[in-house]
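# Architecture and fold: a report
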2 protein chains.
Amino acid sequence: MSPAARPIDEYRAFYRDRRVMITGGLGFIGSTVAHHLVALGAKVLIVDSLIPEYGGNLFNIAGIEDRVRVNVADVRQQSTMNYLVRGQDVIFNLAGQVSHIDSMQDPYTDLEINTRAQLFILEACRRYNPSVKVVFAGTRQVYGRPDTLPVTEQHLVRPTDVNGINKAAGEYYHLVYNNVFGIRACSLRLTNVYGPRQLIMHNRQGFIAWFIRLALEDREIQIYGDGSQLRDFVYVDDAADAFLRAGAIDGSNGEVFNVGGMEPIAHRDVVELLISIAGTGRYRFVEWPPEKKAIDIGDFYADSSRIRCTLGWQPATPLATGFRRTVEYYRAHLHHYLPAADSPVSAL
Amino acid sequence: MSPAARPIDEYRAFYRDRRVMITGGLGFIGSTVAHHLVALGAKVLIVDSLIPEYGGNLFNIAGIEDRVRVNVADVRQQSTMNYLVRGQDVIFNLAGQVSHIDSMQDPYTDLEINTRAQLFILEACRRYNPSVKVVFAGTRQVYGRPDTLPVTEQHLVRPTDVNGINKAAGEYYHLVYNNVFGIRACSLRLTNVYGPRQLIMHNRQGFIAWFIRLALEDREIQIYGDGSQLRDFVYVDDAADAFLRAGAIDGSNGEVFNVGGMEPIAHRDVVELLISIAGTGRYRFVEWPPEKKAIDIGDFYADSSRIRCTLGWQPATPLATGFRRTVEYYRAHLHHYLPAADSPVSAL
């Protein structure tokens, strides 16, 4: 039975014995997808550069390390990509430079990873594996500051930082290669994903993981402005489920999908919930730092009805449940996620 | 009097003794802007790589060659850009890889020129000339296949080829550098520009210039499908006027503007008008070549009301007038625009 004819709820069976490659597979979301795939019987190839401070962490595959293959490689290395894509049934393409802040200080590295290397991967598929399916990890960052809420996929793409621009270009490549060259591909525009295995070593990859670390260490969380800004949050297992559906169901081909949370919540309420669940931490309101205000986007929350209609996905994990699991995970494994004593970020 | 306080119709006086740099200044539109600027008393620095077959042509500055400076350089050369931007009041940023077809065969070169080099130019401004104004030559190609007509700037950016993606990213950089770093910048999304000085050496930079050459040489023009597709056309002097306004008027900062034609016209009617004005040429309907159909966008015409309201611009040259001037120009100067006998495209 072809994937197109398969009922939506059978997408999990699709992965038995499938060859699946995950770029960025030692990172937060990529490794979570790997855990799911191993449980479903897939043959998983993890590709990760393990660049320090980017998010790749060998501890993220603890428990499945004997049931996956790990190939340390950088997606910017074209001939390596040409080799690795061969024979794969599905590629979950999550390798990326994630920090908005870093992208404004070094736009070229962000461009190389988030844009140029995406061309490498897609060209590799076109030449060496044109029947593969590729699912790209997009981002809500491509929308910039919303004109209307909740944000649908019809909203203008209008990024407010270099990272958002480069991710948008990387996403567009996937759609053009789907439409022009027949490389089946789609993009998931993730909002704020949180949960176990996220990088909490430094504060340059978004605020939620950093807040979790501060709460766990009983430190002070700084909330910019009055904390009334709304965001939506997706638990990482829910995000991984969106990848699994998109990879198995051909109705996703050529599409972009918002992957958003259950309901919007204000920054200050997120922090209060987190602190109450952790039982540690405190918070204080502070002025917006100007360089952060310059690329801030105000309220944001996504309308995820397109992915619900097309792939049957919806967020399943309430924020309180997700926070409880996350706090429990880091309480057990925190030292695997803190910088080594000789790291430049160890003083944070 | 600051530019912001200046009445819109005084934008031409703004350029007297201004230092103005034009990247791609030996190309079709860039050189036309240079002719206007010289007439207005500006100090013009033309930067052009003169890459064969890209469109740069020293004959394009015939008549003003003693009143401009020409610096042969490639925008991909970062340290050169760091030097050249210094002291300029305005940069008209038109250097680009223009061919959609080429971008699908060599996406990397297109990325280097249309995306990465744009970062070089903007970073150079940020570090060495933060008070400059930059006007970027964008393209209607970023919209892809329209959902609604006429296309406004509120239409989704959804390119159908690699060139459109890379141009979109280059444009977004200009807006982010305006908003975050205060480098005043805007983008003009040009539709089909035509007129004297356009590359007609080969057929990979759009159909209108190629049709003009075929008509002039009394050859057969092939119209794909039934020729009912609608397009709008802008005469090059009108396009140049849009650049002049955008460079002088600060109301353009941070904005994108469609620069479209007077009214849409079907392909077959364009061809009939051209042939009747030239008095030479003929046409025939042919099947769509599949690789062209794959990146075709159907009907397209732009709504230019935003630039009319903000900068007072509107197209002034009817298509028949523009075609007459164009035919006259190439009849006088055709040999300057044909490939040399030893060129790979001389057999076209």
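Along each chain, numbering runs from 1 in the same order as the chain's sequence is written. Throughout, the order in which chains and ligands are written sets their labels, letters from A for the former and numbers from 1 for the latter. Local features in this predicted model are restricted to residues of pLDDT 70 or higher, and side-chain atom pairs are both shown and tallied only at a pLDDT of 80 or more, whereas totals for entire chains, interfaces and linings draw on every residue.

## Side note on the overall build of chain A
Stated precisely, the cut-off is as follows: Helix and strand definitions follow DSSP, with helices as H or I runs of at least four residues and strands as E runs of at least two, each counted in order from the N terminus. Our radius of gyration is a C-alpha quantity, and the globule rule it is checked against amounts to 2.2 Å times the number of residues to the power 0.38. Residues with at least 20 other C-beta atoms within 10 Å of their own are called buried, those with 12 or fewer are called exposed, and the rest are partly exposed. The C-beta atoms themselves are positioned from the backbone.
In terms of regular secondary structure, chain A is built from eleven helices and 13 strands. Taken over the C-alpha trace, chain A has a radius of gyration of 19 Å; the compact-globule value for 348 residues is 20 Å, and the two agree within 12%. Taken over the C-alpha atoms alone, chain A extends approximately 55 × 45 × 40 Å along its principal axes. Looking at chain A as a whole, 53% of its 348 residues qualify as buried.

## A word on the pairing of strand 4 (residues 90-93) of chain A
Residue and element names in this part refer to chain A. In plain terms, the rule: Any two strands between which DSSP finds at least two bridges are classified as paired.
In strand 4, alternate side chains face the same way, and those of Val90 and Phe92 on one face and Ile91 and Asn93 on the other are all buried. In terms of strand pairing, strand 1 (residues 19-23) meets strand 4 through four bridges, oriented parallel. Within strand 4, the position partnered with Met21 by the bridge is Ile91. The pairing of strand 4 with strand 5 (residues 133-139) spans four bridges and is classified as parallel. Bridge pairing in strand 5 links Val90 to Lys133.

## A few points about the interface of chain B and chain A
In plain terms, the rule: Residues are scored as being in contact if the C-beta atoms we place from backbone atoms lie within 7 Å.
Contact with chain B, which involves 24 residues of that partner, is made by 24 residues of chain A. At nine residues, the largest contribution of residues to the side of chain B that touches chain A is made by helix 5 (residues 162-181) of chain B.

## Looking at the sheet that holds strand 5 of chain A
Residues and elements named next belong to chain A. Rules: Angles shown run from 0 to 180 degrees and are taken between the N-to-C directions of axes, each axis being a line fitted to C-alpha atoms and, for helices, limited to the stretch in contact.
With respect to topology, seven strands assemble into an open sheet ordered 3-2-1-4-5-6-11, the strand pairing being parallel. Bordering the open sheet on either side are strand 3 (68-72) and strand 11 (256-259), each of which pairs with just one other strand. Neighbour-to-neighbour, the strand axes of this sheet turn through a mean angle of 20°, independent of strand direction. Where strand 6 (residues 184-190) meets strand 11, four bridges bridge the pair, whose relative direction is parallel. Among the inter-strand pairings, Arg189 is bridged to a residue of strand 11, identified as Asn258. Strands in contact with helix 7 (residues 236-248) are strand 4, strand 5, strand 6 and strand 11; relative to strand 6, the strand with the most contacts, it is inclined by about 160°.

## Brief notes about the relation of the copies chain B and chain A
Stated formally: The copies were overlaid with a least-squares fit restricted to C-alpha atoms from residues scoring a pLDDT of at least 70 in each copy.
You can overlay chain B on chain A at an RMSD of 0.0 Å; the transform is a turn of 180° with a shift of 0.0 Å along its axis. A rotation of that kind, with that shift, is consistent with a two-fold axis. For chain B, the minimum C-alpha distance to the rotation axis belongs to B:Leu156 and amounts to 2.6 Å.

## A short note on the environment of B:Gly298
Residues and elements named next belong to chain B. For Gly298, the location among the structural elements is in the loop between helix 9 (290-293) and helix 10 (305-311). When the C-alpha atoms of Gly298 and Arg308 are compared, they prove to be 26 Å apart, with ten residues separating the residues in sequence. Ignoring any residue separated from it by four or fewer positions in sequence, one finds Gly298 in contact with Arg145 and Gln229.

## Examining the sheet that holds strand 6 (residues 184-190) of chain B
All names here are of chain B. Here we have seven strands laid out as an open sheet, ordered 3-2-1-4-5-6-11, and parallel in their pairing. Of all strands in the sheet, those with a lone pairing partner are strand 3 (68-72) and strand 11 (256-259), marking the two edges. Averaged over all pairs of adjacent strands, the angle between strand axes in this sheet comes to 20°, irrespective of strand direction. Pairing geometry for strand 2 (residues 43-48) and strand 3, over five bridges, is parallel. Looking at strand 3, one finds that Val47 is bridged to Asn71.

## A short note on the pairing of strand 1 of chain A
Residue and element names in this part refer to chain A. Just so we agree on the cut-off: Here is how to tell: hold the view so the strands point away, follow the path from the first strand over the helix to the second, and if it runs clockwise the crossover is right-handed.
The buried fraction of strand 1 is high, at four of five residues. Here strand 1 pairs with strand 2 (residues 43-48) via five bridges, running parallel. Bridging from a neighbouring strand, Val20 pairs with Val44 of strand 2. A crossover connection joins strand 1 to the parallel strand 2 through helix 1 (residues 28-39); in handedness this β-α-β unit is right-handed.

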